[in-house]
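# What the coordinates show
The chain contents come next:
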Amino acid sequence: MKKLIVLAFSLVFAGSAFAQADLDLSKYQKLTGAAEDGVQGMTDGLHAGLNSLEWTDGSGPDVFRLGISLYTGLGTIPAEPEISLKEDAYFPSFGGQVNLGTMGAEVYFRMFPKIDMDGLEYGTWGAGLKYDITDFIPVTGFPSTSAYVSYSSFAFSVTGTQTVEGEEEVAPGVTYPYSVPIDATVEINASSFNIGAITSYDLVILRVFGRVAFEVASSEVKWNTVVPDGTYNKETLTANTKPFEGGNDFGNTGLRLGAGLSLIGIKAEVGYRSGLYAGLGYGITF
């Protein structure tokens, strides 16, 4: 029951955060200048939260370790009025994770199976491997430290109603203003590979950790508007709603710096990855 409550909280939290972003690309066929920078910032924010809390322990198990957890991450999207982001927003990610380790090595697999509900599709998965390198560090009492690699993939799409406004010339020198709701869909597909290190120190029941990683990542963004039959003037609206196919890819490579705490199963992380990010999760380890 506790896991279901945490998962429900993650979904609500993520949904409310994404609602702050009223993205609008309907006037673009190709992106330049501020509009391109705005979409770049959005995809950077996606990646920032996507890989939060993937590791929270710098040690590797000597015999056997099994961990199960739920997580949610938020990456910051900087404001860009050119694409209708009038203030900073947050891009969420969430899912479940299983860790399994022995003999100093540990692997994880995380995912959220693809869902489709009320015009929203979401799905993500990732995998990682780390190995305890503490014994190779020639410093007495050095905190537990592991090197790691990981890969993640993300797919998201949402369909909603967008209001298109403009003026049509109905006679020489006579224009008619219109404001018509149309259907709009945005699709985002992203992936990242990262290599890094994590170090942690245990204080009775509290663990503190820090990590650094270099991520090679990219995103593909597609935007499309559909003008339904029977609307005000389909030809006019179609001319004023331009399908956009993001460039096609946005590069999101960057350095990740993070720090966090783990206390009786509750895990939290904050850091910087092309912008501020935060993660919150709950898990148990055997």
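Here is a short report on the structure shown in this document. Source: prediction; values computed, not measured.

Analysis parameters
- Residues numbered from 1 in each chain as written.
- Predicted model: local features only at pLDDT ≥ 70, side-chain atom pairs only at ≥ 80, totals over all residues.
- Heavy atoms only, no water.
- Pairing = 2+ DSSP bridges.
- Helix = DSSP H or I, 4+ residues; strand = E, 2+ residues; numbered from the N terminus.
- Phe/Tyr/Trp six-rings, centres within 6.5 Å; stacked < 30°, edge-to-face > 60°.
- Buried < 20%, exposed > 50% of the residue type's maximum accessible area, 1.4 Å probe, protein only.
- Lys NZ or Arg CZ within 6 Å of the ring centre and 35° of its normal.

### Focus: the pairing of strand β5 (residues 144–171)
Pairing of strand β4 (residues 120–132) with β5, which is carried by 13 bridges, proceeds in the antiparallel orientation. Paired with Gly-126 across the bridge in β5 is Ser-152. Bridge count for β5 against strand β6 (residues 174–203) is 27 bridges, and the pairing is antiparallel. Each bridged residue has a counterpart across the sheet, and for Tyr-151 the counterpart in β6 is Phe-193. Where β5 folds back on β6, the antiparallel hairpin that results is connected by two residues, among which Gly-173 adopts a positive phi of roughly 80°.

### Here we look at the packing of aromatic side chains
The description of an aromatic ring pair rests on the distance of the ring centres and on the angle between the ring planes. Scanning the model with the defined rule gives 11 aromatic pairs in all. With 6.2 Å between their ring centres and 50° between their planes, Trp-55 and Tyr-148 make a pair best called tilted. Of the two residues, Trp-55 is situated in the loop between α2 (33–50) and β1 (65–77) and Tyr-148 in strand β5; the sequence distance between them amounts to 93 residues. Across this residue pair, the class does not change: Trp-55 and Tyr-148 are buried. Ring centres of Phe-91 and Phe-156 lie 5.6 Å apart, and the angle between their planes is 70°; this geometry places the pair in the edge-to-face category. One end of the pair, Phe-91, is in strand β2 (residues 89–102); the other, Phe-156, is in strand β5, with 65 residues separating them in the sequence. An aromatic cluster of at least three residues, connected via ring pairs, comprises Phe-91, Phe-94, Phe-112, Tyr-122, Phe-154 and Phe-156. One residue, Arg-110, lies across the ring of Tyr-71, its end atom 3.7 Å from the ring centre. Across the ring face of Tyr-108, the terminal group of Arg-110 is positioned such that the distance to the ring centre comes to 5.6 Å.

### So, the pairing of β2
Looking along a regular strand, one sees side chains alternate from face to face of the sheet. Bridge analysis of β1 against β2 gives 13 bridges, and the strand direction is antiparallel. Looking at β2, one finds that Leu-74 is bridged to Pro-92. One ladder, built from seven bridges, connects β2 with strand β3 (residues 105–117); its direction is antiparallel. Bridging from a neighbouring strand, Thr-102 pairs with Ala-105 of β3.

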